[in-house]
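# A closer look at the structure
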Amino acid sequence: MSSSFGKLFRLTTFGESHGEAIGGIIDGVPANYTINIEEIQAELDKRKPGQSSIVTQRKESDTVQILSGIFEGKTTGAPIGFIIPNENQKSKDYDHLKGVYRPSHADYTYAKKYGNRDYRGGGRSSARETASRVVGGAIAKQILASKGIDIVAYVDQVGYVQLSGEIDYNEIENNVVRCPNAEDAKRMEDLILTTKKAGDTIGGSIVCEINHVPPGLGEPVFDKLHAELGKAMLSINAVKGFEYGSGFDCITMKGSEHNDLFNEDGSTKTNHSGGIQGGISNGMPINMRIACKPVATIMQRQQTLNEQDEIVSLQGKGRHDPCVVPRAVVIVEAMAAMVVLDMLMRNSFE
Ligand SMILES: Cc1cc2nc3c(=O)[nH]c(=O)nc-3n(C[C@H](O)[C@H](O)[C@H](O)COP(=O)(O)O)c2cc1C
């Protein structure tokens, strides 16, 4: 399995949803940076289950224990090891999945590839693994902040409900959806609750902005900045789409409309390039949009396949997310932070 991410700032994660703990090792963390562990925990709290009525009701405190690499509040340069104990596994909730594959989950593909499958919570395919990414991202974010680089993500669409009002960044953490407009957030929340009541799930999208990135980050040709960001985002569970800058809208534009004309200081009057040209940052804000699918586990009866290759009827049950985007916002920020820091380090880091 490929369980490591990044070249110089490198996170390796381990653990399954129903094991003792999940965790990770971050190697290559530069020495002598101040790290606030409470801030890491605050980031984990934004991803944890049970935080509101529109996410899974599993109860996990997701308390991180730092095992190494930080001494007297500063990075030592040694690998940072950490664990997050699993606390609230109800393996019985998954008994009905023994020998049966959920449609559109990772059950069938894991079974075919590995010849075994942890049916309790999806094992390694569970998004529980992403908590370890949030720890890596929280550390990367703190180092980036010391260099003036900040990252913000928010929900801009749930089902057909789009963010249409004014953006107020202070509003993001004021509502359970993590949408930067209170009225739109309410409409999105209502849609998630109605969908949940019907035993169904719904998709959504997240916008991520990275500000004050200096020009020059990105390694053409295969590790272009947008290629690394795309890989980072598409490696998050349930992510189906990634675009940056003008994205798919560029299809209908002419060059005369799309070109970002320069100002004398090298900034541009528009930002259709999304802060990246030729795979290298140009100093403008980097902006991306990430699409998440409606997750596979629905509380309805569906036809599916079992291990004996028979079509059977499966009634979904357990505690699942009706919509992942509110919890995925912080995962998106974490992956973005690790990519940018890794690229900064590859550019001779001070
Ligand atoms: C924050 C988060 C929470 C998730 N919660 C659930 C869940 O409760 N039930 C579920 O079936 N899938 C959930 N998923 C999605 C699955 O992990 C994912 O769909 C599965 O591993 C298959 O991978 P794929 O959708 O990327 O192909 C969640 C994903 C994220 C990012």
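Everything below is about the structure printed above this text.
Scoring rules and cut-offs
Just so you know, the residues in each chain are numbered from 1, in the order the chain's sequence is written. Residue-level local features of this predicted model are given only where pLDDT is at least 70; pairs of side-chain atoms are given and counted only at 80 or more, and the full residue set underlies all totals for whole chains, interfaces and linings. By definition, any uninterrupted DSSP run of H or I lasting at least four residues is a helix, any uninterrupted run of E lasting at least two residues is a strand, and each is numbered from the N terminus. Each radius of gyration reported is based on C-alpha atoms, and the globular scaling rule is 2.2 Å times the count of residues to the power 0.38. Neighbour density around each residue's C-beta defines its exposure: 20 or more other C-beta atoms within 10 Å make it buried, 12 or fewer make it exposed, and counts between make it partly exposed, where C-beta atoms are placed from the backbone. By definition, residue pairs are in contact when their C-beta atoms, positioned from the backbone, come within 7 Å. Think of it this way: take the backbone, place a C-beta atom on it, and check whether that atom is within 6 Å of the molecule or strand, in which case the residue is near it. Residues are grouped as follows: Ala, Val, Leu, Ile, Met, Phe, Trp, Tyr, Cys and Pro are nonpolar; Asp, Glu, Lys and Arg are charged; all remaining types, including Gly, are polar. Strands qualify as paired when DSSP identifies two bridges or more between them.

### Some points on the overall build of the chain
Across its full length, the chain carries seven helices and 17 strands. On C-alpha atoms alone, the chain measures out to a radius of gyration of 21 Å, which is about the 20 Å that the 2.2 N^0.38 rule sets for 350 residues. When its C-alpha atoms are laid out on the principal axes, the chain stretches across 65 × 50 × 40 Å. The buried share of the chain, reckoned over its 350 residues, is 42%. Contacts spanning at least 24 positions in sequence make up 69% of the contacts within the chain whose residues lie at least 6 apart.

### Examining the site of the ligand
Close contacts around the ligand come from 21 residues, with Ala 127, Asn 237, Val 295, Thr 297 and His 320 the closest. A total of three residues in the shell around the ligand trace back to one element, the largest contributor, which is helix 7 (residues 325-346). For the shell around the ligand, the residue count by class is nine nonpolar, nine polar and three charged.

### Quick word on the sheet that holds strand 11 (residues 204-211)
A sheet is described by the order of its strands in space; here five strands give the open sequence 10-9-11-15-12, paired in antiparallel fashion. Among the strands making up the open sheet, the edge pair consists of strand 10 (161-162) and strand 12 (239-244).

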